[in-house]
Amino acid sequence: MDTEERTANDPRCTQVTVMKVANIAFNMLIFIITLALCSVLHMLLRPYSQPRIISEAIVGFFLSNLPFLRKNFNDDANTALGYVAEFGMICHMFVIGLEIDPNIFVRIPIREAKVACTGLLITFLLSLFITPMLHLSYEPSIAFDVTVSLVLSGTASPLLTRIINDLKIGKSDIGRFLISTAVISDLISIIVLTLGYIVFDPLDDFAFRKVRDILLILAVLVIQTILAAKCIPFLMTWVDSHNPQGKLMKGPHLIVSIASLVFVCSLSPWIAHFNMMLSTFLAGIVMPRDGRLSKLLTGKVKYFFGLLFFPVFMVWVGFQVDFSEFESHNLFTWASIAFLFAIIVGGKVFGSIISGIMLGFHWQDSVAVGLLLGIKGHFHIFMVLLAEQRNISSSSNSSAIVLVCFLTFIYAPMVVKSIIKRARKRSPTQRMALQWLNPSNELRIVLCIHGLENIQSTINFMEISQGPEEPQMTVYVNDLIELTETVASTVARGEGVDAMTITDVGVIEMRENITNTIQAYVNDHCEGIDVQRTLTLCPMATMHHEICTLAEDMLVSLIILPFHKNQQPDGKFNANHLAFRSVNRKVLRYAPCSVGVLVDRGLGSNQLTGGTQCIKTAIIFIAGKDDREALAYAGRVARHSGVKLTVIRFVLDTSGSNTSSRITRSRANTVEYEEEMKEDDEYFAEFYDRHVATGHVAYMEKYLLNSGETYSTIKSLEGEYSLFIVGRGERVNSTLTAGMNDWEVCPELGPIGDILSAPDFSTTASVLIIQQHKLRGKLQGLHEEFSIM
């Protein structure tokens, strides 16, 4: 029997193989649990705006310091994890360098450079003065103290950029300023570290290198830089020319490109034994950022980092930082943590205040900038653990520095929240809604139409919406035309770069008829309306975006959308424009202003002028901001001589002893309900004094107990009015509409609008459903491009 057969039949070898497989399975299970726990904890911390690195650090530190896990996590797995961490940091440094614009060396942003240099210099000097007293290394070493001072002086620009973008201030002036300043600070600290590595050898107790070795490193770095800046762009251009956008990149081209990048980045470590992380960083800076390959690599690496590397890195950090060896009983350990944290925060804040005084910044902005520039990240933690691995620093001191790095990014969300709070006070939100429109300001409306069938209702809507003669009203009559293949074939380039002209005869005639009809009405019957014609020509999937962009560019307060069904002469609805239902829903969701949906069932049957007294209009007011917006629009309608307006207020009868009344009384104790009711009462009282008390508007109240009585009351109004104005239904704990959402046919109309527009309701009563502008996003209405500095 030969050796291979004996080995295969040996029970001990089989047992060893089984143990190895079990260890691999155990390690994989730990990584899966880590990823799952990171995601769960991040979801739990999301309401507190904590960055994902917080959850990754907590899970990594907790799991890796469990005694059971440490006991069963063998040395081979720990070594492999260290290789993964080192490889990940190499890719991390390459992406950092790739995202830095090399033009920063030519056109240095002066303000950002002043703040970065001042904060970095003061922090470095403080650290260089204090850290020798903390005895962070086994033996006193000036070179080590300088290295630690550089690490403490730097800023984790990728992490800070990630936090700023996640908290939605990346487009603001202070967000852009912070990102640029952090990049400059990171760049300076790493370049100084690189120069120190060239002169001193950290593998030989930071001894001076020989002149020959220094010249060799410099020569290889120069060659590497030339190759990265001159040769790699030619390769990338060639790859891009053979791999157009929209198609998968060819495998051989991808392999050759990556191999070339690896060769260039490995040149100085291979020949001159230079540090691989610093080498990839320097090569990434001079490589082109544009091109498909660069974007592909950056995107893939970032995705890999966010999904796998960062959680695994924190587990590795937890294994390196053994908290069982942390000298928590020693007061000097806690004093070291306090002093290190004070060095980072104090140096950055003091430097930002000094530079802020020179640049004319507000002191609060300078403090916020200094606090955020003190953030440390993965690179700084890796450098600390590298010192421990090479027996330069003790495990307890390394744990202390890692904890300090952890503390620097915990307070970041609170600082950003304070920035947003101050920005909101300085730049109040411009809520694009009728309720908040200053009476002295011009009213702007976008009136969307599908075709000639909407023209008469459009004219009558403009007529009743005029309000007072001063200021005048601007109406953008917007034709909604789907860009089909037939229409696209008739589109020709007009004058100008982006100008397009439709040559389809049917579309041209339709638009001319609409324009002539509207212009004839404006010339004959009114002088207070400025009508402008617009066109939305695009596929249905993006039509809502074009409508919202038009409204945002024109600063309108109200968008009016036609219902996706048209009423036929027999009273039934057709489905000619069924595809527009999705457009209406998306506009209601994403609109930058208030939105109204007009269900036309007779509003456009006759020409309405100031001399006619034919339109009996009712507004149903229950509660909530949408109803207040409908009331605001009704205030304009009330001034028209051809409209007889009645306000019908549905009031909840809480005097009864039924179940719904008891539930309502319990709901009324909530703060949100009380604030909503108070705002409703105040706004309605103002409307009552202005319109009802003066005799322009009729008023009635309906005391109801539940949603069933609401439905029956609405049905009893059938045939009495030609136009109903209602809110879509953004209400807080409204018992009068509870349960109605369960049987809505068209949820986009809201519960009341859905009843009024149903086929079994009056076929002669048009309905206008209004939704007030929704303030969206974590900034709660503050524009993302706010200015505060």
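Just so we're clear, the structure is a prediction, and the values are computed from it rather than from any experiment. Chains are numbered independently. Their residues run from 1 in the order of the written sequence. The predicted origin of the model limits local features to residues at a pLDDT of at least 70 and limits the giving and counting of side-chain atom pairs to 80 or more, whereas totals for whole chains, interfaces and linings rest on all residues. Water and hydrogen atoms play no part in the side-chain values, which are based on all heavy atoms of the structure.

Regarding the pairing of strand β8 (residues 558-562)
As a reminder, the rule being used: Whether a residue is buried, partly exposed or exposed follows from its accessible area with a 1.4 Å probe, protein chains only, as a fraction of its type maximum: under 20%, in between, or over 50%, in that order. Numbering of helices and strands runs from the N terminus; a helix is a DSSP stretch of H or I covering at least four residues, while a strand is a stretch of E covering at least two. For two strands to be treated as a pair, DSSP must find no fewer than two bridges joining them.
With five of five residues buried, β8 is to be regarded as a mostly interior element. Pairing geometry for strand β3 (residues 443-449) and β8, over three bridges, is parallel. Each residue of the ladder has a partner; that of Val 446, found in β8, is Ile 559. Here β8 runs beside strand β11 (residues 594-599); their pairing, made up of five bridges, is parallel. Directly across from Leu 561, in β11, lies its bridge partner Val 597.

Some points on the packing of helix α8 (residues 157-166) against helix α9 (residues 173-199)
Cut-off, in case you're wondering: Note on geometry: axes are C-alpha line fits, over the in-contact stretch for helices, and angles between N-to-C directions span 0 to 180 degrees. Angle categories are assigned with fixed cut-offs, so that under 35 degrees is roughly parallel, over 145 is roughly antiparallel, 65 to 115 is roughly perpendicular, and the rest are oblique. Between two residues, a contact is recorded if the distance between any of their heavy atoms is within 4.5 Å. Residue classes follow a fixed rule: Ala, Val, Leu, Ile, Met, Phe, Trp, Tyr, Cys and Pro count as nonpolar, while Asp, Glu, Lys and Arg count as charged, and any other residue, Gly among them, counts as polar.
Close contact between α8 and α9 brings their axes to 9 Å; oriented N to C, the two are set at 170 degrees. The angle between α8 and α9 falls in the class roughly antiparallel. In contact with Ser 157, Pro 158, Leu 160, Thr 161, Ile 164 and Asn 165 of α8, α9 contributes Gly 175, Leu 178, Ile 179, Ala 182, Val 183 and Asp 186. When its residues are assigned to classes, the contact of α8 with α9 shows seven nonpolar, four polar and one charged.

Concerning empty space enclosed by the protein
Note the threshold: Grid points spaced at 1 Å over the protein atoms alone were grouped into cavities, where a 1.4 Å probe fits but cannot get out, and pockets, open sets with protein on both sides within 12 Å along at least five of seven lines, with lining residues defined by an atom within 4 Å of a point. Grid points are joined across faces, edges and corners, and a volume is the space filled by probe spheres set on the points.
By the definition in use, this model includes two cavities of 30 Å³ or more. Put simply, the largest cavity is a space of about 120 Å³. Elements represented by at least two residues in the lining of the largest cavity include exactly β3, α19 (455-464), β8 and β9 (566-567). For the lining of the largest cavity, the residue count by class is eight nonpolar, five polar and two charged. When its volume is computed, the second largest cavity comes out at roughly 30 Å³. In this structure, the second largest cavity is lined by ten residues; those nearest its centre are Leu 588, Ala 591, Cys 593, Gln 771 and Lys 774. In terms of residue count, the dominant contributor to the lining of the second largest cavity is helix α23 (residues 580-590) (three residues). Classifying every residue of the lining of the second largest cavity gives four nonpolar, three polar and three charged.

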